[in-house]
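# Examining the three-dimensional arrangement
Single-letter residue listing:
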Amino acid sequence: MATDAKPSDDASFERVDWDALESEFGGLSRRQTAFLGAMAAFALGVAADVAVGGPLPLLGDPAPLDWLFRLTLLLGTFYVVLPLYDDPRMTRHYWRQFKRNTAAVISLGYLAVVFAVGTVGPTFLPRPELDLLARRQPPVFTSVAADVPTTCAGEVVNGMCHGTWQYPLGTNAQGHDMLHLLVFGMEVSMQVGLIATAIIVVVGTAVGTSAALFGGLVDEVSMRFVDLLLTVPTFFLFILIVYLYGGSLFLMILVFGLLSWGGVARLVRSEALQRSEEEYIRAAENAGASKAWILRRHVIPNVSNTVITAATLTIPFLILAEAGLSFLGLGDPTTFSWGQTIADGRGELAGAWWISTVPGVFLFFTVLAFNFLGDALRDALDPRSEV
Amino acid sequence: MGDEPLLSVRDLRTYFRTDAGTIRAVDGVSFDVRRGETVCVVGESGSGKTVASESITRLIPMPPGEIVGGEVVFDGVDLLSLSDRELREYRGGRIGHVFQNPQGALHPMHTVGRQIVEAIRLHRDAGKREARERAIDLLDRVGIPDAAARFDDYPHEFSGGMKQRVVIAVALACDPDLLIADEPTTALDVTIQAQILRLLCDLQEEFGMSVLLITHDLGVVAEIADRVVVMYAGKVMERGTVYEVLENPSHPYTLALLDCLPGRGGAMRPLGGALPDPRDPPSGCRFHPRCPHAVDECGAGDQPAMGTAGSPGHEVSCVYYHDGYDESAIRERRAADSNEGVGRADGGDGR
Amino acid sequence: MGMGLYVAQRVAWALVATFVMLSLTFGLLAVTPDAQQAQFAFQQAQEGASADEARETYQRVTGKDGPLFDRYKEYMIGMVTGDWGWSHTRSQPAIEAVADAYPYSLMYGIPATVLSVVAGIGIGLYSATHQYTKADYAGTFLAFFGVSIPNFWFGIMLILLFAVHLGWFPSYYDTSHGVWTLANAKQLVLPVIVLSTAAIASQMRYARAESLEYVHADFVKTARAKGASEWRVIRHIFRAASVPISTILVADILGLLFVASYLTEVVFQIPGLGLLSYRAITQNDTALVLATTLIPVFVAIVGNLVQDIAYTVLDPRIDYGDR
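Throughout, a residue's number is its position along its own chain's written sequence, starting from 1. Labels follow written order: the first chain is A, the first ligand is 1, and so on. pLDDT decides what is reported in this predicted model: residues at 70 or higher carry local features, side-chain atom pairs at 80 or more are listed and counted, and totals for whole chains, interfaces and linings draw on all residues regardless. Each side-chain value is derived from all of the structure's non-hydrogen atoms; neither hydrogens nor water enter the calculation.

By definition, any uninterrupted DSSP run of H or I lasting at least four residues is a helix, any uninterrupted run of E lasting at least two residues is a strand, and each is numbered from the N terminus. When you go through chain A residue by residue, the secondary structure sums to 14 helices and five strands. Throughout, exposure labels follow a simple rule: accessible area from a 1.4 Å probe, protein chains only, divided by the maximum for the residue type, with under 20% read as buried, over 50% as exposed, and the rest as partly exposed. Counting over 387 residues, chain A shows a buried share of 50%. Between two residues, a contact is recorded if the distance between any of their heavy atoms is within 4.5 Å. Once local pairs closer than 6 in sequence are excluded, the contacts in chain A between residues at least 24 apart make up 72%.

Encoded structure:
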């Protein structure tokens, strides 16, 4: 139950008052100083990129999307990773809860690999190029009729072309190495999942808390808008907007993020309202604390578990939506999304079965892993909620 | 009234298998309920009294619950050996149940009338009209004013006390021989509690049934019980008639329970310590870690066998009632304690 | 607040939502550069006209030369009266193209909906009442599988296995079969499976979670204590869980099926709404894209309305001031 929080058990990472615990310098804690420093460096980087308009020293030539991705990682580090690192006792407690769910532990491992490969891989791998000679090579240990590939890279035995380690997962009809496509696809899925979720969390929390804080007209209007967002099937708005404005991954992620925060906002608002009825909040109020201060210091930290869980469970939806749009050909033509690769293989099923199969397997397992993870997080972080 | 008791529970053991270990909620409980009498099972929350009462008709959730041993003989039939289908004839047909919380005990989306009619028609070959008439009659008898008009109301349109009356009507739908009432008044206002108890007493007489009442309230026991079973940590500590147990409490646990009450011997002393971990109960007497009279033998072996205290039907599971021990030690000590308590109270007044 | 007022309030909300969505799409269209206009300008330029003249001509012909508000008014009136624009790729009004296409969507959408509701709720209830048994774990696994598998890829995999490999079903939809023929039923099997898998999974998950709330409820114990059979007990649980289940039934299932059917139709080449929309997108037929994407939006709004009203019928306890 929400109300019977035992003070002794409640010293979780989200409730500890870091500002008070850490040595102050210049009125700010070390944590805040570091965060502001990192944000300033980020802003400087973006400004430099805009001003120069070309490649930057050290940074190369990041696209707007790369900047957003960095910002997402920055936020994730400061709001998820560091708090866990700072409170090993609570982290161990969560880990013990989490560990009981074997599927979720495996999922976490899998996602860590996908994240690492998807983030680092594309900077080292060459972009897949059209290679007419390497079209439709079968994966290693498999074979297809020799007339499927243009020229077989491996041995041809009895009219069957055998796969080689040169292309362990085969190639598609443009001669792109499937393994490379997979890695680039990981980058797309991770960017979509994480950036859009960051937007959802930030906007949803902001709207939810403002609605709870200001009440009245602000509450009414923003919650009606949330009703609308939740009523309308967002996938079709995605289609319409992406159709009208062209499918860049940057736009897609923005649209996903800006149309999907309704659930989080509603959750945060109701939690915030519920919390503000609780004794310790009243105590703070009686002590003369302003409502905004109470929201920032007590309410937002206390809803973070719920928000993190809800956010994790929206990631699979976003990844599937991007893959779906890319499958329809509405995706970003300059990226190598799994959905796009699957679409390319649709017409090749009779000959080159692996083109659709391989990225789909990874897409499926990535979505499955996020679902398992979200489910386990809900059990570990948020024992109150079911469903 | 035959010699054979209506219900005879023998060495009943109900365990719950959980990830954290096996919980021995009921661990060898025996008691009888004779025809027409009221038996009260008392004990702290968590002593296993509810599980014991629900094990009689196997209402505990299985899994994780499991009745691992013992027998429940009802009117000559061991209920534990029956198939589910056979058991259903007894549930509601001959044994009625009233639960603690009337708020949740009724289906929120069915009218109260429909719920009583369902109970009737599950066991009686009654037509709709006939069942409806009987349901209205039952509502009337449990004290629902204007019963015919309230027949089609939903549970949320009734107050807590009225809901409990409806639950009782459901339990009585088929004239049961035994009514099992699990803390039927705990969730109600004090004034309503008395009314519901009164109603239960009246109905028992009217329907000529036996009542097994689960409670932690010794006041209730004193008021309506014929006989009493005191439970602690899944074991029976003491049993006897209400006079024997309340006037001549013999087990240290019963004494401790009575000491918790205000207005007895001038002392209102809470019982120190907590219930043992049901996954790993202490050896010997379950109560010995909290018992002021514990001697070395109390911690050895299993729960002590029943010894008699004074009269033959008054049985106590305590080594002091075995041969070679002097049970009077318990009472003397207690008398001394009470005096001390009185003395302290006087000292307080003198200040 | 009485029930009449509550219903009126929900209807008003549905109208407002519709109005907002229409205005929003108008806004989106108004600020979008028109691909057809660019094309037209290109043709005119080739014929020697200036770009400005071309734009004026185009706008006059398409009615885009008036003040913004007039255009808005015209657009809204058109939408309300069923004038949804002209599909230039199909040379027919967009709404007629939709009318031609939707029977194909219903043909497999209705069986899939029925299947997913019945199977989803059935499995969910069974899973909840048999918690921690093997059947429950299997059901939960099925649910994770269903919500995680990308349905367009699932469709392709089914085609690969059952059509390409085993040859049991055709790999593309063939419109030449009659509606009530065996061949038509056969070619709808895979689409129905694809479409209902995700819907069954999400329905099952929800039904299981909601039923679990009641599996150990006191009234269930009361029912058992009355002597009710397990089957009757499950009915009691279902009746209580039906209210929360129904809250996702209409809207979510509709949404899910629409999204899923869009992709499914593209995979199987079924000429329903999804494929119509897809072709409109690839051929830059804005009026038709608009029509085919707005329809699911409106269906969802109406679905929500129906669901809100269904709620009042299902739950005797509802407090109309609550929402």
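All right, on to the interface of chain B and chain C then. The partner chain C presents 21 residues to the 25 residues of chain B that form the contact. A quick way to say it: buried area is the sum, across both parts, of accessible area lost when two parts are put together, with a 1.4 Å probe. Together chain B and chain C conceal approximately 2200 Å² of surface at their shared face, both sides included; 64% is due to carbon and sulfur atoms. The three residues of chain B that bury the most area against chain C are His107, Met109 and Glu118 of chain B, which together make up 27% of that side's buried surface. We define a salt bridge as a contact between a side-chain nitrogen of Lys or Arg and a carboxyl oxygen of Asp or Glu at a distance within 4 Å. Summed over the shared surface of chain B and chain C, the result is three salt bridges. Polar contact is the term for a pair of N or O atoms within 3.5 Å; when the atoms are in protein, one must be able to donate a hydrogen and the other to accept it, and sequence-neighboring residues count only if both atoms are side-chain atoms. Put simply, chain B and chain C have 10 residue pairs in polar contact (both at pLDDT 80 or more) between them. Considering every element that reaches the side of chain B that touches chain C, the biggest residue donor is helix α4 (residues 112-123) of chain B, with five residues.

With that settled, consider helix α2 (residues 30-52) of chain A. A helix is expected to reach a length of 1.5 Å times the quantity of its residues less one. Taking 1.5 Å per residue as the helical rise, α2 of chain A with its 23 residues ought to reach 33 Å, and the 32 Å between its terminal C-alpha atoms agrees with that figure. Where α2 of chain A is concerned, the buried positions are Arg31, Phe35, Ala38, Phe42, Gly45 and Asp49 of chain A.

This part takes up the packing of aromatic side chains. Side-chain rings of Phe, Tyr and Trp (the six-membered ring for Trp) are treated as a pair once their centres are within 6.5 Å; stacked means planes under 30 degrees apart, edge-to-face means over 60, and tilted covers the remaining angles. Considering all chains together, one arrives at 27 aromatic pairs over all chains under this definition. Summarising the aromatic geometry, the rings of phenylalanine 364 of chain A and phenylalanine 145 of chain C are spaced 5.5 Å apart at their centres and angled 80° between planes, so their arrangement reads as edge-to-face. Taken as a pair, phenylalanine 364 of chain A in helix α14 (residues 354-381) and phenylalanine 145 of chain C in helix α6 (residues 134-148) lie in two separate chains rather than in one. Judged by its relative accessible area of 9%, phenylalanine 364 of chain A is buried. Phenylalanine 145 of chain C gets classed as partly exposed once you look at its relative accessible area, which sits at 24%.

For helix α7 (residues 216-231) of chain A, with 16 residues, the first-to-last C-alpha span of 22 Å sits near the 22 Å given by 1.5 Å per residue. Three or more residues of α7 of chain A are buried, namely Asp219, Ser222, Met223, Val226, Asp227, Leu228, Leu229 and Thr231 of chain A. Lining the buried residues of α7 of chain A we find α6 (178-214), α8 (234-245), α9 (249-259) and α10 (262-275) of chain A together with α1 (3-30) and α12 (286-314) of chain C.

Quick look at the nonpolar core now. By convention a nonpolar core is built from buried Ala, Val, Leu, Ile, Met, Phe, Trp, Tyr and Cys residues, the set being connected through side-chain atoms within 4.5 Å. In this structure, Ile239, Phe256, Leu325 and Phe327 of chain A together with Phe152 of chain C are the most contacted members of the largest nonpolar core, which totals 148 residues. A per-element tally of this core places α6 of chain A first, with 15 residues. Residues within four places of phenylalanine 256 of chain A in sequence aside, it is in contact with Val192, Ala196, Phe238, Leu318, Ala321, Glu322 and Leu325 of chain A. Core analysis: the next-biggest nonpolar cluster, separate from the first, contains 63 residues, Val42, Leu138, Ala173 and Tyr253 of chain B among them.

Let us look at the sheet that holds strand β2 (residues 21-33) of chain B. Residues and elements named next belong to chain B. Here we have four strands laid out as an open sheet, ordered β2-β1-β4-β5, and antiparallel in their pairing. In this open sheet, the two strands that pair with only one neighbour each are β2 and β5 (77-78). Following DSSP output, two strands are said to pair if at least two bridges run between them. Of the pairings in the sheet, the one linking strand β4 (residues 65-74) to β5 comprises two bridges and is antiparallel in character. Across the sheet, valine 73 pairs through a bridge with aspartate 78, a residue of β5.

Judged by side-chain charge, Arg89, Arg92, Arg96 and Lys99 of chain A come together as a positively charged surface patch. Relative to the assigned elements, arginine 96 of chain A resides in helix α4 (residues 88-99). To count toward a patch, a residue needs a relative accessible area over 30% and no salt bridge; like charges are then connected within 9 Å, while nonpolar side chains (Val, Leu, Ile, Met, Phe, Trp, Tyr) are connected within 5 Å. Surface accessibility follows the Shrake-Rupley procedure with a 1.4 Å probe radius. Residue values consider only the protein chains on display as shielding. His is not counted here, nor are the chain ends, while Lys and Arg score as positive and Asp and Glu score as negative. Note on charges: their place is set at NZ of Lys, CZ of Arg, CG of Asp or CD of Glu.

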